[in-house]
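Geometric and topological summary
Chain residues, written in single-letter form:
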Number of protein chains: 2
Amino acid sequence: MKIAKTISAARAFVRDARRPIVLVPTMGALHQGHSALIRRARRIAGEKGSVVVSIFVNPAQFGPKEDFSSYPRPIEADESVCREAGADLVFRPEAAAMYAADASAFVDESRLSMGLCGASRPGHFRGVCTVVAKLFLIVQPDAAVFGAKDWQQLAIIRRMVRDLDFPVKIIVHPTVREADGLAISSRNAYLTPDERAAAPGLYAALRGAATRNTPAAIVREAERRIACIPGARLDYVRLVDSAALEPVRRLDHGTTLAAAIFLGRTRLIDNLQIPARS
Amino acid sequence: MKIAKTISAARAFVRDARRPIVLVPTMGALHQGHSALIRRARRIAGEKGSVVVSIFVNPAQFGPKEDFSSYPRPIEADESVCREAGADLVFRPEAAAMYAADASAFVDESRLSMGLCGASRPGHFRGVCTVVAKLFLIVQPDAAVFGAKDWQQLAIIRRMVRDLDFPVKIIVHPTVREADGLAISSRNAYLTPDERAAAPGLYAALRGAATRNTPAAIVREAERRIACIPGARLDYVRLVDSAALEPVRRLDHGTTLAAAIFLGRTRLIDNLQIPARS
């Protein structure tokens, strides 16, 4: 496994790499969820193709009061995860290599990014779109693998790929969960023992609510169940169209039940795909 | 010379095309200026490489009161110009093929696009950045050739390429002029005979002003000379840093004297590169 710390080193790898090139973009602090994404990328690339994992804590997607500086950066452990999961290249640039001091061009999205997490994280998805566009243009992947946990991010990246004609296939991998149902997340490390004990209540609330028969009843039931999680504060629960992320009035096509809560100072997100009902 | 009217047809050409691929993005209504860009692209591509000309009147870069619907679209004449200048492919998609009805992802620039033409054309450079990004992602060129006449557009595209890591070399070709100095432009066709007779005064004003010795004196002299052009209304004159497009206080590095005027209802732009003075 090779390591590239600069854009030019990554480009040099890509120039000689065998295709398909499959990219797994991450912010590091890699866990079993990422590991599953990298193994998935390895299967897609096959023995002959190339798997690239990017590790970059992207300052542009953190708000001024968010956890950019405290975000974990266990780089040696991360490289081990990548190696064991079958990566061929880890691209881990410094922020100064990714953004010029006077950087002023960016990619953004104006509809899907407005609601859900976008409502409480202004500028977040501009940061996400811009860095993913840059990674796609540096690594030139044939496919890229994203986890389903941040469904809004996934939907926005699919939209960006469609609208800007990126020649990249977006692969979605199911959320990897702890035995008790909690979606694995780098930010779970922030939870106190009490918060950790309460955290599986989020996914349980979504699953419990999804059995209801109307969109309004599903959202109401999720809110009711989240209100019963000790120490939880609701950010949002929404039932949306899985692609356009717009509120739905019917359950006759696939929908996404998405929620965000605060447990103490830690923000957790999760979602559930609800199949179409006749 | 081949014609591609869809994105997938363009991608099929690109898949089999020999590199380097050199792109000349245009809105059609091709004149001697475009012809010079295509011949330049041909020289860069060499006999073995591929020259792609895109012809697309991009709705996203026209304001609601601008000339999108009346913009000339002489497609047969345009294809002849491309053929004679040595193009291998003309990519001329319909607007519906380029923009989904619910398109919401875009590329924009937040500094260089604020002044000069951007001040009176809100949204224009977002439209330009987005369509050029799409063309780069569809055609995957090694290089792209732009005219120097729209210097602000050129500087913004260079900035976009730098900030988003497009693997595309931007080539600038000098403005092609009529014998009387008027920069050749598709919009010159809108001028009445009297306006056409007055129009060379814009470039003459820039050249006359550039002999002055301070930034303030250069701008003042250009304004004075433009005020003497019959029927002309000044939009702006600015002396700016050629890359960052910020106002300059000194002439010790290369600067750009840029101006826009209205002659009747037609908006004309031009610029002059002023070499560094000690």
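Residues numbered from 1 in each chain as written. Chains lettered and ligands numbered in written order. Predicted model: local features only at pLDDT ≥ 70, side-chain atom pairs only at ≥ 80, totals over all residues.

**Describing the overall build of chain A**
For chain A, the helix and strand inventory stands at 10 helices and 10 strands. In terms of overall dimensions, chain A is globule-like: its C-alpha atoms have a radius of gyration of 19 Å, near the 19 Å expected for 278 residues. The dimensions of chain A, computed from C-alpha atoms along their principal axes, are 55 × 40 × 40 Å. Looking at chain A as a whole, 45% of its 278 residues qualify as buried. (Helix = DSSP H or I, 4+ residues; strand = E, 2+ residues; numbered from the N terminus. Rg over C-alpha atoms; globule rule 2.2 N^0.38 Å. Buried ≥ 20, exposed ≤ 12 C-beta atoms within 10 Å, placed from the backbone.)

**Let's talk about the interface of chain A and chain B**
Opposite the 26 residues of chain A that make contact, chain B presents 26 residues. Going through the elements one at a time, strand E5 (105-109), helix H6 (124-139) and helix H7 (151-164) of chain A are the ones with two or more residues in the side of chain A that touches chain B. Residue classes in the side of chain A that touches chain B are distributed as 15 nonpolar, 2 polar and 9 charged. As defined by bridge partners, E5 of chain A adjoins strand E5 (residues 105-109) of chain B across 5 bridges and the pair is classed as antiparallel. Across the sheet, Asp-108 of chain A pairs through a bridge with Phe-106 of chain B, a residue of E5 of chain B. (Contact = placed C-beta atoms within 7 Å. Nonpolar A, V, L, I, M, F, W, Y, C, P; charged D, E, K, R; others polar. Pairing = 2+ DSSP bridges.)

**A few points about the sheet that holds strand E9 (residues 255-263) of chain B**
All names here are of chain B. Overall, antiparallel pairing links the 3 strands, which are arranged E8-E9-E10 in an open sheet. Edge positions in the open sheet fall to strand E8 (232-241) and strand E10 (266-274), since each of these has one partner strand only. With direction set aside, neighbouring strand axes in the sheet form an average angle of 15°. Here 9 bridges tie E9 to E10, and the two strands are oriented antiparallel to one another. Note that in E10 the partner of Ala-259 across the bridge is Asp-270. Of the strands in this sheet, E8, E9 and E10 are in contact with helix H9 (residues 201-209), which crosses E10 at around 25°. (Axes fitted to C-alpha atoms, helices over the stretch in contact; angles between N-to-C directions.)

**With respect to the pairing of strand E2 (residues 21-26) of chain B**
Across a regular strand the side chains alternate sides, sitting on one face of the sheet and then on the other. Residues and elements named next belong to chain B. Of all 6 residues in E2, 6 are buried, a share of seventy percent or more. Covered by surrounding structure in E2 are Ile-21, Leu-23 and Pro-25 together with Val-22, Val-24 and Thr-26, the residues of both alternating faces. One ladder, built from 6 bridges, connects E2 with strand E3 (residues 50-55); its direction is parallel. Bridging across to E3, Pro-25 finds its partner in Ser-54. Running through helix H2 (residues 32-45), the crossover from E2 to the neighbouring parallel element E3 is right-handed. Note: E2 against strand E6 (residues 143-147), 2 bridges, orientation parallel. Of the residues in E6, the one forming a bridge with Leu-23 is Ala-144. (Right-handed = clockwise from strand over helix to strand, strands pointing away.)

**Section: the relation of the copies chain A and chain B**
Copies of the same chain, two in number, are related to each other by a rotation about an axis and a translation along it. For these two chains of identical sequence, chain A goes onto chain B by a turn of 180° and a shift of 0.0 Å along the axis, with RMSD 0.0 Å. Such a combination of rotation and displacement between the chain copies is what one expects of a two-fold axis. For chain A, the minimum C-alpha distance to the rotation axis belongs to Val-107 of chain A and amounts to 2.2 Å. Of the interface residues in chain A, 96% have counterparts in chain B that sit at the interface too, so the contact is made through matching surfaces. (Least-squares fit on C-alpha atoms with pLDDT ≥ 70 in both.)

**Brief notes about the environment of Asn-58 of chain B**
Residues and elements named next belong to chain B. Its location among the elements puts Asn-58 in the loop between E3 and helix H3 (75-85). Residue class for Asn-58 comes out buried when judged on the 21 C-beta atoms lying within 10 Å of it. Sequence separation of Asn-58 and Tyr-99 is 41 residues, and the distance between their C-alpha atoms is 9.8 Å. With sequence-adjacent residues up to four places away left out, Asn-58 is seen in contact with Met-27, Gly-127 and Val-131.

**What to know about the sheet that holds strand E10 (residues 266-274) of chain A**
All names here are of chain A. Strand order in this open sheet of 3 strands is E8-E9-E10, and the pairing throughout is antiparallel. Strand pairing shows two members of the sheet lacking a second neighbour, strand E8 (232-241) and E10, which therefore form its edges. Averaged over neighbouring strand pairs, the angle between their axes works out to 15° when direction is ignored. Relative to E10, helix H9 (residues 201-209) is tilted by about 25°, and along the sheet it contacts E8, strand E9 (255-263) and E10.

**What about the domain arrangement of chain A?**
As a measure of interface size, the accessible area lost when the parts come together is often cited. All names here are of chain A. For chain A, the domain assignment lists domain 1 (2-173) and domain 2 (186-272). On a C-alpha basis, the centroid separation for the pair domain 1 and domain 2 is 25 Å. Of the residues lining the interface, 13 residues belong to domain 1; the matching set on domain 2 comes to 14 residues. Elements represented by at least two residues in the side of domain 1 that touches domain 2 include exactly helix H5 (116-120) and H7. Across the side of domain 1 that touches domain 2, the residue classes break down as 7 nonpolar, 4 polar and 2 charged. (Domains from an automatic or database assignment.)

**Regarding the confidence of the model for chain A**
Across chain A, the average pLDDT comes to 97, with 100% of residues at 70 or higher. Interface predicted TM-score (ipTM) for the complex: 0.95; the corresponding pTM is 0.96. (pLDDT = per-residue confidence, 0-100.)

**So, the packing of H2 of chain B against H3 of chain B**
All names here are of chain B. Put simply, H2 and H3 touch, their axes get as near as 9 Å, and they point 35° apart. For the pair H2 and H3, the sense of crossing is right-handed. Across the interface between the two elements, His-34, Ser-35, Ile-38, Arg-39 and Arg-42 from H2 touch Val-81, Cys-82 and Ala-85 from H3. For the contact of H2 with H3, the per-class residue count stands at 4 nonpolar, 2 polar and 2 charged. (Left-handed = near helix turned anticlockwise from the far one by under 90°.)

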